Amino acid sequence: AQTVTQSQPEMSVQEAETVTLSCTYDTSESDYYLFWYKQPPSRQMILVIRQEAYKQQNATENRFSVNFQKAAKSFSLKISDSQLGDAAMYFCAYRSEIDGGTSYGKLTFGQGTILTVHP
Amino acid sequence: SQTIHQWPATLVQPVGSPLSLECTVEGTSNPNLYWYRQAAGRGLQLLFYSVGIGQISSEVPQNLSASRPQDRQFILSSKKLLLSDSGFYLCAWSVPWLVGAGGDNEQFFGPGTRLTVL
């Protein structure tokens, strides 16, 4: 079974600075997807960024980028130019490549990292 | 565009009482549907998923059950609530994976229901 580990329960950053959130995972699969979700105080889960394991290029979405190290099974999230609205809990998640016999891929979540942004 | 609704938003129930949480999706057909529980504001645990009407798979044996009476409706139920059932319940949907078309690349979450069992 796959496991996802976020070793930083809490992180903080000054507004306009850069912060990196860590995530490692354990799997024996070669094809899979990785995600970062954001959960603000409203508790609405919002997809931030995703990475396909077969792609070597790191995904980027505006101020959010990832450092995907497949051999090390590491998937960190970098937030540049941090804004007050970035304050939230961030979850790393793993999804297996779809089994051809099913139409569903299970998501496994890490325990989350609470990010505080100081003005 | 697709939207997902959950109700109620909050619920306080006594131990031993029944439970029914509802989730509906608009703007898509034949979605994969999921129920998650988030305890103490931490990680999400998948409880149930469904790939079609009447098709329910359970990830964790427990006091809860799920049903999918309509294509875009997913219900989480319990006959008798336990204290340990307290938590934040999230419903999610995804586009099902199809041969040649891919899909199920990401899950979209509803606003959640906060359940307190006293």
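Above this text is the structure in question.
Residues numbered from 1 in each chain as written. Chains lettered and ligands numbered in written order. Predicted model: local features only at pLDDT ≥ 70, side-chain atom pairs only at ≥ 80, totals over all residues. Heavy atoms only, no water.

## Some details on the overall build of chain B
Point 1. The helix and strand tally for chain B stands at zero helices and 11 strands.
Point 2. Order of helices (α) and strands (β) in chain B, N terminus to C terminus: β-β-β-β-β-β-β-β-β-β-β.
Point 3. At 14 Å, chain B has a C-alpha radius of gyration in line with the 13 Å of a compact globule built from 118 residues.
Point 4. Dimensions of chain B, computed from the C-alpha atoms along their principal axes, are close to 50 × 25 × 20 Å.
Point 5. Every one of the 118 residues in chain B was classed for burial, and the buried ones make up 49%.
Point 6. Sequence separation of at least 24 residues holds for 56% of the intrachain contacts in chain B that already meet a minimum separation of 6.
Point 7. Accessible surface, chain B as shown: approximately 5300 Å² in total, 56% of it carbon and sulfur.
Point 8. The centroid of the 7 positive side-chain charges in chain B is displaced by 11 Å from the centroid of its 7 negative side-chain charges. (Helix = DSSP H or I, 4+ residues; strand = E, 2+ residues; numbered from the N terminus. Rg over C-alpha atoms; globule rule 2.2 N^0.38 Å. Buried < 20%, exposed > 50% of the residue type's maximum accessible area, 1.4 Å probe, protein only. Contact = heavy atoms within 4.5 Å. Areas by Shrake-Rupley, 256 points an atom, 1.4 Å probe, with all protein chains shown as cover. Lys, Arg positive; Asp, Glu negative; His and termini not counted. Charge placed at Lys NZ, Arg CZ, Asp CG, Glu CD.)

## Notes on the pairing of strand S1 (residues 3-7) of chain B
Residues and elements named next belong to chain B.
Point 1. Of the two faces of S1, the one holding Ile4 and Gln6 is buried and the one holding Thr3, His5 and Trp7 is not buried anywhere.
Point 2. In terms of strand pairing, S1 meets strand S3 (residues 19-26) through five bridges, oriented antiparallel. If you follow Trp7 over to S3, its bridge partner there is Glu22. (Pairing = 2+ DSSP bridges.)

Everything listed here is a matter of geometry and, on its own, says nothing about what the molecule does.
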